[in-house]
Amino acid sequence: MRCIIIDDEPLAIEILSSYCQKLDFINLVKTYTNPLDAISEIKEKKIDLIFCDIEMPQINGIDFMGTLDNKPFFIFTTAYSQYAVDGFELNAVDYLVKPIPYHRFIKSVSRVQDLISKKQKTIMEANVFSSTGENSVDKKFIFVKAEYESIKIDLDQIEYVQGLKDYLKIHICNTNKTILTLMSFKEIMGKLPSNQFLRVHKSYIVNVNFIKTVQRNRIVINDMRIPIGESHKEAFFSILGL
């Protein structure tokens with residue numbers, strides 16, 4: 001895990017640096033006292049994680065995070081707890097209040113490590129499907145069982161799939177029609193192209209072609225607002241380049 005530290009207090013940098021050196025899965029690339037000096041490092045090199053102070057003379061840490069297009073994971077470090085809500089609204093992984101105990105540091109970076117592993121797994125699975133030709137976007141339709149028949153459904157007509165206990169409810173575009181089928185999410189994901197359909201919540205799969213807008217923790221498809229589950233959030237935003 002490649003990380004950088006941004007803090008205008010040398011002592012804070014020293015403490016975080018010592019914490020990083022104790023963990024073999026963290027590679028501390030560089031430290032900065034001015035956030036603006038770190039921009040080129042973030043753009044040119046693959047940085048997985050940024051420890052960032054909030055109250056700094058050059059630019060507020062939260063504002064700095066907002067300037068980045070392809071954001072690494074952020075852990076905010078500050079003495080002011082009132083910024084926590086703003087930080088989490090920007091999808092920061094954690095918010096550590098100074099002085100930072102070592103056990104809180106461990107918990108925070110372990111969470112980032114888990115998120116990176118999930119992200120890499122999602123990308124690898126997508127690459128496997130693509131290379132083998134399975135679940136490719138060239139596939140045009142699927143069959144699902146509903147009552148006593150198998151129904152053919154064009155993939156481009158599926159807006160989203162909703163879980164209802166033991167059943168799945170498939171919503172068809174430009175119509176009020178839905179198809180109820182006795183099938184698990186695992187089964188239907190095996191039929192759907194992984195580069196077109198994403199699991200975004202324990203109860204929802206969406207067709208990315210129908211996404212109108214993404215509003216913080218929700219996806220808007222037509223007038224339906226679909227929640228983005230915490231365990232699916234990082235992979236979803238990464239795949240869509242958000």
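Residues numbered from 1 in each chain as written. Predicted model: local features only at pLDDT ≥ 70, side-chain atom pairs only at ≥ 80, totals over all residues. Heavy atoms only, no water.

(A) Local environment of the side chain of Ser 17. Residue placement: Ser 17 occurs in helix H1 (residues 10–21). In terms of polar contacts, Ser 17 uses its side chain to reach the backbone carbonyl oxygen of Ile 13, at 2.7 Å. (Helix = DSSP H or I, 4+ residues; strand = E, 2+ residues; numbered from the N terminus. Polar contact = N/O pair within 3.5 Å; in protein donor to acceptor, adjacent residues only side chain to side chain.)

(B) Summary view of the packing of aromatic side chains. Under the defined criterion, the tally for this structure stands at 8 aromatic pairs. Ring plane angle 55° and centroid distance 5.0 Å describe the contact between Tyr 19 and Tyr 102, whose orientation is recorded as tilted. Highlighted residues: Tyr 19 in helix H1 and Tyr 102 in helix H5 (residues 102–132), separated in sequence by 83 residues. Looking at Tyr 19, the relative accessible area reads 12%, which means it is buried. Considering the side-chain rings of Tyr 19 and Phe 105, the 5.2 Å spacing of their centres and the 50° angle between planes classify their relative orientation as tilted. Of this pair, Tyr 19 sits in helix H1 while Phe 105 sits in helix H5, and the two are 86 residues apart along the sequence. The rings of Tyr 19, Phe 51, Tyr 102 and Phe 105 are connected pair by pair, giving a single aromatic cluster. For Lys 22, the ring lying beneath its charged end belongs to Tyr 102, and the centroid distance is 4.7 Å. (Phe/Tyr/Trp six-rings, centres within 6.5 Å; stacked < 30°, edge-to-face > 60°. Buried < 20%, exposed > 50% of the residue type's maximum accessible area, 1.4 Å probe, protein only. Lys NZ or Arg CZ within 6 Å of the ring centre and 35° of its normal.)

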